[in-house]
Amino acid sequence: MSSDLHAASFGSAAEAYQRGRPPYPAEAVAWAVPPQARRVLDLGAGTGKLTRALLDAGFAVDAVEPSPQMRDQLAVCAGQASIFEGTGESVPLPDASVDAVVCAQAWHWVDPARAVPEMARVLRPGGTLSLIWNVRDHTEPWVAALDGVLHRHTRDEIDTAPRIGGPFGDPERAEFRWRHTLDRTELQDMVASRSYVILLSEPDRRALLDSVLDLLDRHGLGERFELPYVTRCTRARLR
């Protein structure tokens, strides 16, 4: 199944995405965006999970997202941002117009050979490109079991420490461990918003979501619980 089909699937699950996906820890946002930055591009902004954090940190934000359904959610959750239709390969912003670009949970959907020059185009000299992924911490046994259930349907591994290359300098890396409190319905929404789950047949999707609830019961988790995450970050400065 093509990556384009997976990437295009999110619009149909935009509401589940907004309900179920975790936010980003403030420490990761502070690491990703230099304090002297004023205007930030949130690339692949989705429903605004990172956009909201950037606005709360005091930045002016240009949010670029290809999916119209995602942009509808983005307008509700982060309406103070300037919202644009676009992709990593084609950003509708002028040259040298932002101080930083942050791409959360989306860089694996772009073509780096085209997206890296586009990021360099919109960044001001010395600007920063930062890539962020929230990754479930499977060192906790029930989370490892959850990943085992989900991996029955996909074995795709995302490179969360990608090479960026010129005209950017050497990348820096950081990790932030934290815990997200959610309930059973929100966990099901998180699972339902995965691209490979969206593309399952309805009986297979229902069976998968039921198996997630069974797993919570087996591990003695109540209606509300904590899901541990590792937020992995890469940043590089434009030379």
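Not measured: the values here are computed from a predicted model. (Residues numbered from 1 in each chain as written. Predicted model: local features only at pLDDT ≥ 70, side-chain atom pairs only at ≥ 80, totals over all residues. Heavy atoms only, no water.)

Asker: Can you explain unusual backbone geometry? Please cite residues and give values.
Answerer: In most cases, non-glycine residues show a negative phi, while peptide bonds are predominantly trans. Residue Pro 167 is bonded to the preceding Gly 166 through a cis peptide linkage, with omega at 5°. Its location among the elements puts Pro 167 in the loop between helix 7 (141–150) and strand 6 (172–183). One non-glycine residue, Ala 96, adopts positive backbone phi at about 50°. By secondary structure assignment, the location of Ala 96 is in the loop between strand 3 (82–84) and strand 4 (98–104). In this model, Gln 105 sits at a positive phi of 65°, which is unusual for a non-glycine residue. Position of Gln 105 among the secondary structure elements: in the loop between strand 4 and helix 6 (112–122). You can call Gln 105 buried: its relative accessible area is 14%. (Helix = DSSP H or I, 4+ residues; strand = E, 2+ residues; numbered from the N terminus. Buried < 20%, exposed > 50% of the residue type's maximum accessible area, 1.4 Å probe, protein only.)

Asker: Give me the sheet that holds strand 5 (residues 123–136): which residues, what numbers.
Answerer: Strand pairing within a sheet occurs via backbone hydrogen bonds; the two strands may be parallel or antiparallel. Strands sit in the order 3-2-1-4-5-7-6 across an open sheet of seven strands; the sheet is mixed. Edge positions in the open sheet fall to strand 3 and strand 6, since each of these has one partner strand only. Looking at each pair of strands side by side, their axes are set apart by 20° on average, direction ignored. Pairing of strand 4 with strand 5, which is carried by six bridges, proceeds in the parallel orientation. Bridging across to strand 5, Ala 100 finds its partner in Thr 128. The sheet contacts of helix 7 involve strand 5 and strand 7 (224–237), and relative to strand 7 the element is tilted by about 75°. (Pairing = 2+ DSSP bridges. Axes fitted to C-alpha atoms, helices over the stretch in contact; angles between N-to-C directions. Contact = heavy atoms within 4.5 Å.)

Asker: Could you give an account of the pairing of strand 7, naming the residues involved and the relevant values?
Answerer: In the sheet, strand 5 pairs with strand 7 via nine bridges, with the strands oriented antiparallel. Bridge assignment links Asn 134 to a residue of strand 7, and that residue is Thr 231. Of the strand pairs in this sheet, strand 6 and strand 7 are connected by 12 bridges, and their pairing is antiparallel. Bridge pairing in strand 7 links Arg 173 to Thr 234.

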